[in-house]
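Listed here are the chains, written in short residue letters.
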Amino acid sequence: MKCFYCGKHLLLGLALAFMFGCEDEQEAWLEDADTFELRVEENEQAPEVPYEDEGFIAEEEAEAEEVWEGFEEGEEPVAVAAAASVSFPSLSTSAYAAGYCRSTTNNTPVYTSSSVNIRGTSSPYQAYAATVYAADEVYVYSINATSAYISYPVGSTRRYGYLRTSDLSAANFGENITAKASATTYRRPSGASYGSIYVGDTVRAVASVSGYVQVFYTAKSGSRAWKIGYVTQAAYNSMKGSTTAPPVASSWQYPMSGYTVSLGWGGINSSKPANRNRHVALDLYGNNTNIFAAASGTVAAVGTQSENGNFVVLSHTLSGSTVYSFYAHLKSRPNLSKGQGVSKGQIIGVMGRTGGGNGGGLGGFGEHLHFSIMDRLDSGGAYYGYTPAFSGNKTTYMGTTFYNPAYVIQNGKLP
Ligand SMILES: [Zn+2]
């Protein structure tokens, strides 16, 4: 099977996990993609496991074939194939990973099939079937770029369904480390403590979120293989054995407060054509709808564009270069003038859903901020939001280099 990001063959395929219900507890079986050994918990009989080389469960594949996904005004709908897999930690060594949804707003939807990137409830779109609440620990049995097959507590039992992967993780750094220091993990950035990482544990960094690093890490108890949580950036640096000091407060900040990332850097929007569906921006939404300048700079352009709606482009100096930050789908055209200076944190607009691409809908929210950082000014605001597959923290497409905004904010420099 191929990794979508690096194009190389992965050593391990995604595990296929199958659930088997019993009264109090659910046990999972999965097939190790390397050995094809079927692992059986306790003394139960293992179910028959369909297996295919590409790591898809046969019945899911049948179910997910050619769904008419959401499309934009004036565009023909695009038929997309079943979700592609990416190199999340293999769950093949034990039953499941445990974690919490990224949302703290008690409204993370659970779907009955892996076709989760679907907005609204009108036909042919799939309505969500249930809700995972903020206090619910979910068990993840398989995960790919689009959907995660999970169970969640209902009373004293557990039920099964699919979450959007973006509701669990923001991106895929793909960095594996062996912990050189211990660390406390948290359910969410600034959330309740969740567990510990010990020296020698395997840790996979998934995303950088608000001064924290989201990690998959090996769990020490229970039948779970991994847990999904957050460590502070400083703790992550210590685990990595970095001799450099934790990054000081960056000259950059997130352009919203209290935000949730509904689609991260490199994330796949499966409503887009399969050869140009990788997000080169961050989609953010939140209750505080003010949009802030991510860094001090100058207003380079203000306007309205068909896909990006009302937008602002700011210019900044960073790492000796001029870069541009872009804020799209704003509620109204901001009252800013070209050439006007702005300070980091200054309100420059209000989150909205203007433009053709506003349906983003990932997370069920039409309103969101599309935020990107580039090396080129397009005074008409006609920036691409999606490119072909890429890896790393920057990519160049059609003459514009896009930088991972999370990296820039975190490090205060260009990748
Ligand atoms: Zn976006």
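Residues numbered from 1 in each chain as written. Predicted model: local features only at pLDDT ≥ 70, side-chain atom pairs only at ≥ 80, totals over all residues.

## Comments concerning the overall build of the protein chain
Inference 1: Across its full length, the protein chain carries three helices and 30 strands.
Inference 2: Going through the 415 residues of the protein chain one by one, you find that 48% of them count as buried.
Inference 3: For the protein chain, restricting intrachain contacts to residue pairs at least 6 apart in sequence, the fraction spanning at least 24 positions comes to 63%. (Helix = DSSP H or I, 4+ residues; strand = E, 2+ residues; numbered from the N terminus. Buried ≥ 20, exposed ≤ 12 C-beta atoms within 10 Å, placed from the backbone. Contact = placed C-beta atoms within 7 Å.)

## Topic: the environment of Ser113
Inference 1: Among the secondary structure elements, Ser113 is positioned in the loop between β7 (108-110) and β8 (130-132).
Inference 2: Spatially, the C-alpha atom of Ser113 lies 10.0 Å from that of Ala148, the residues being 35 residues apart in sequence.

## Re the nonpolar core
Soluble globular proteins tend to pack their nonpolar side chains together in the buried interior.
Inference 1: Counting 88 residues, the largest nonpolar core has Val140, Ile150, Val215, Val231, Phe326 and Tyr327 as the members making the most contacts within it.
Inference 2: At six residues, the largest contribution of residues to this core is made by strand β24 (residues 321-330).
Inference 3: In this structure, Val140 is in contact with Tyr96, Ala97, Gly99, Ala148, Ile150, Leu168 and Ile228, ignoring residues within four places of it in sequence. (Core = buried A, V, L, I, M, F, W, Y, C linked by C-beta atoms within 7 Å.)

## Considering unusual backbone geometry
Both trends apply: most residues other than glycine have a negative phi, and most peptide bonds are in trans.
Inference 1: Here the phi dihedral of His329 falls at roughly 70°; this positive angle occurs in a residue that is not glycine.
Inference 2: Topologically, His329 is positioned in strand β24.

## Overview of the pairing of strand β13 (residues 183-186)
Note on strand geometry: in a regular strand, side chains alternate between the two faces of the sheet.
Inference 1: One ladder, built from four bridges, connects β13 with strand β14 (residues 193-197); its direction is antiparallel. For Ala183, the partnering residue across the bridge sits in β14 and is Ile197.
Inference 2: Taking the residues that link successive antiparallel strands as the turn, the β13-β14 hairpin has six residues, and the phi of Ser190 there is positive, at about 65°. (Pairing = 2+ DSSP bridges.)

## Topic: the environment of Ile228
Inference 1: As for its placement among the helices and strands, Ile228 is situated in strand β17 (residues 224-232).
Inference 2: Residue class for Ile228 comes out buried when judged on the 30 C-beta atoms lying within 10 Å of it.
Inference 3: Sequence separation of Ile228 and Gly99 is 129 residues, and the distance between their C-alpha atoms is 4.6 Å.
Inference 4: What Ile228 contacts, discounting residues up to four positions off in sequence, is Ala97, Gly99, Val140, Leu168 and Phe216.

## Focus: the confidence of the model for the protein chain
Inference 1: Mean pLDDT over the protein chain works out to 72, with 68% of the residues at or above the 70 mark.
Inference 2: At the level of individual helices and strands, the protein chain shows its lowest average pLDDT in strand β5 (residues 79-80), which scores 26, and its highest in strand β30 (residues 400-403), which scores 97.
Inference 3: Below pLDDT 50 for its whole length, residues 244-249 participates in seven contacts with residues either more than four positions away or in separate chains.
Inference 4: In the model, residues 359-365 has pLDDT below 50 throughout and makes 26 contacts with residues more than four positions away in sequence or in other chains. (pLDDT = per-residue confidence, 0-100.)

## Regarding helix α2 (residues 233-240)
Inference 1: Residues of α2 that are buried include every one of Ala235, Tyr236 and Met239, and no others. When α2 is viewed along its axis, its buried side chains cluster within an angular range of 100° and face the same direction.
Inference 2: Check the buried side of α2 and you find it contacts β12 (175-178), β13, β14, β15 (202-209), β16 (212-218) and β17.
Inference 3: With its phi angle positive at about 80°, Gly241 sits one or two positions after the end of α2. (Arc of directions from axis to C-beta.)

## Topic: the environment of Phe371
Inference 1: One can find Phe371 in strand β27 (residues 369-374).
Inference 2: Assessed through the 24 C-beta atoms surrounding it within 10 Å, Phe371 is described here as buried.
Inference 3: When the C-alpha positions of Phe371 and Ala328 are compared, they lie 6.6 Å apart, and in sequence the two are 43 residues distant.
Inference 4: Aside from chain neighbours lying at most four places away, what touches Phe371 is Pro255, Ala281, Leu282, Leu284, Phe326, Tyr327 and Pro405.

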